[in-house]
Amino acid sequence: MKLVFATNNKHKLEEISHLLEGEAEIGSLAEIGCQEDIPEDHDTLEENALQKARYIKEHYGYDCFADDTGLEIEALDKRPGVYSARYAGPAKDSVENMKKVLREMEGISDRKACFRTVIALIQGKEEHLFEGRVDGKILTAQQGEAGFGYDPIFQPEGFDLSFAEMPMDEKNKISHRGRAIQQLIAFLKEQHNK
């Protein structure tokens with residue numbers, strides 16, 4: 001089965017291709033000739049994920065999936081949330097985004113946060129949503145070189161490492177995206193065995 005993953009983020013593409021190995025062949029936007037910046041201008045992760053998947057299905061005709069992820073910090077009223085990728089501005093600069101979060105969290109002792117990922121899958125005329133979540137806390141400084149986005153300042157519950165300090169396999173077992181993908185895999189297997 002071939003599915004297009006509606007993202008231009010090479011880190012996400014690599015992570016998800018690794019997770020779906022043996023279950024589905026993952027195509028990129030570049031492979032289907034999609035150069036557009038697909039809009040994601042809704043107020044929820046669910047709506048943004050659906051918007052991106054519908055765009056690919058309507059304009060290119062491929063069965064596809066799209067995700068949207070948000071970092072929700074309790075002390076910041078769940079910000080950056082749906083605006084996580086462009087929190088410090090439209091350039092989607094992850095270093096500036098992290099700096100802004102760390103500035104806003106200065107002096108705050110309640111550092112509870114969670115990452116949520118919603119995946120929208122479109123197969124034929126059917127739409128399905130899958131959600132993954134991981135709880136943790138915001139660190140006071142960046143730790144680690146791996147990962148992407150806010151990984152260097154997020155420490156998952158029950159671990160002494162940031163996401164950026166974890167090997168990809170370990171991170172994928174517990175991450176928000178990993179959990180959403182596991183639901184997607186279970187669904188695809190179920191469909192395949194029908």
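Residues numbered from 1 in each chain as written. Predicted model: local features only at pLDDT ≥ 70, side-chain atom pairs only at ≥ 80, totals over all residues. Heavy atoms only, no water.

Moving on: helix 3 (residues 94-104). When we look at burial in helix 3, the residues that qualify are N97, M98, V101 and L102. Each buried residue of helix 3 lies within a common arc of 130 degrees when the element is viewed along its axis, so the set occupies one face. Contacts from the buried residues of helix 3 go to strand 3 (64-73), strand 4 (79-81) and strand 6 (126-138). Regarding helix 3, its N-cap is D93, as a side-chain oxygen of that residue lies 3.0 Å from the backbone nitrogen of V95 further along. (Buried < 20%, exposed > 50% of the residue type's maximum accessible area, 1.4 Å probe, protein only. Helix = DSSP H or I, 4+ residues; strand = E, 2+ residues; numbered from the N terminus. Arc of directions from axis to C-beta. Contact = heavy atoms within 4.5 Å. Polar contact = N/O pair within 3.5 Å; in protein donor to acceptor, adjacent residues only side chain to side chain.)

The UniProt record annotates "binding site: Mg(2+)" (unreviewed entry) at D68. Within the secondary structure layout, D68 lies in strand 3. Exposure remark for D68: the relative accessible area of 5% places this residue in the buried category. Apart from the residues within four sequence positions on either side, D68 is in contact with E40, T44, L45, N48, A49, K52, V82, R116, T117 and V118. A distance of 3.0 Å separates a polar atom in the side chain of D68 from a polar atom in the side chain of N48. (UniProt positions renumbered as here; feature names shortened; annotations may be inferred.)

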